[in-house]
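What follows is the residue order along each chain.
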Amino acid sequence: FMLVKPLHIVHFILESINSCLSDFSIPQVVINNAAGNFISPSEKLSANAFRTVTDIVLNGTAYVTLEIGKRLIKAEKGDLLNVDLPSLSPTFKG
């Protein structure tokens, strides 16, 4: 099951996890990767754009980890793997 939603928004995370658990039950393994991708050369990113990327990647991953982690602990099963890699188009050339 792959989920593609704006995971930096907490209510989408709760809705998505509840839907997933309803459809599939508690997972044995969760691979969590919130990605913030910009189609822009790195040198053209504003401070606000960079803040948005890091918000999506770091906070989105953390929110999913916290919510599904609590449920895995309560069920006494499952493993969680986080993959945090902000994707910024080609870095500075020179």
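Description of the structure in this document. All residue numbers refer to positions counted from 1 along the written sequence of the respective chain. Per-residue local features are limited, in this predicted model, to residues with pLDDT of at least 70; the limit for side-chain atom pairs, both in listing and counting, is 80 or more; totals at the level of whole chains, interfaces and linings are taken over all residues. To obtain the side-chain values, all non-hydrogen atoms of the structure were used and water was disregarded.

## A closer look at the pattern of salt bridges
Stage number 1. Only one rule defines a salt bridge in this text: a Lys or Arg side-chain nitrogen within 4 Å of an Asp or Glu carboxyl oxygen. Counted by the stated rule, this structure contains 1 salt bridge.
Stage number 2. The shortest N-O distance in the salt bridge between Arg71 and Glu67 comes to 2.9 Å. Taken together, the positions of Arg71 and Glu67, both in helix α2 (residues 47-75) and 4 residues apart, correspond to about one turn of that helix.
Stage number 3. Partly exposed describes any residue whose relative accessible area lies between the buried limit of under 20% and the exposed limit of over 50%, with all areas from a 1.4 Å probe on protein chains only and scaled to the type maximum. The exposure class of Glu67 is buried, given its relative accessible area of 18%. Only runs of H or I of at least four residues qualify as helices and only runs of E of at least two qualify as strands under DSSP, and these elements are numbered from the N terminus.

## As for the nonpolar core
Stage number 1. The nonpolar core is taken to be a set of buried Ala, Val, Leu, Ile, Met, Phe, Trp, Tyr and Cys residues, with the residues joined through side-chain atoms within 4.5 Å. With 7 residues, the main nonpolar core is built from Ile13, Ile17, Ile26, Val30, Val64, Ile68 and Leu72.
Stage number 2. For this core, the secondary-structure elements that each account for two or more residues are α1 (10-24) and α2.
Stage number 3. For this core, the element with the most residues is α2, which contributes 3 residues.

## Describing the environment of Val30
Stage number 1. Within the secondary structure layout, Val30 lies in strand β1 (residues 29-32).
Stage number 2. When the C-alpha atoms of Val30 and Gly78 are compared, they prove to be 7.6 Å apart, with 48 residues separating the residues in sequence.
Stage number 3. Contact partners of Val30, with chain neighbours within four places excluded, come to Ile68, Leu72, Asp79, Leu80 and Leu81. Residue contacts are counted whenever heavy atoms from the two residues lie within 4.5 Å of one another.

## Quick look at a nonpolar patch on the surface
Stage number 1. Exposure above 30% relative accessible area and no salt bridge define the residues that can form patches, which grow by joining like charges within 9 Å and nonpolar side chains of Val, Leu, Ile, Met, Phe, Trp and Tyr within 5 Å. Surface accessibility in these figures is a Shrake-Rupley result with a 1.4 Å probe; residues are shielded only by whichever protein chains are displayed. On the surface, Val10, Leu14, Tyr63 and Leu66 cluster together into a nonpolar patch covering about 320 Å² of accessible area.
Stage number 2. Only α1 and α2 provide two or more residues apiece to the nonpolar patch.
Stage number 3. Mapped onto the elements of the fold, Leu14 is located in helix α1.
Stage number 4. Classification of Leu14 by relative accessible area gives partly exposed; the value is 33%.

The quantities given are spatial measurements derived from coordinates; they are silent on function.
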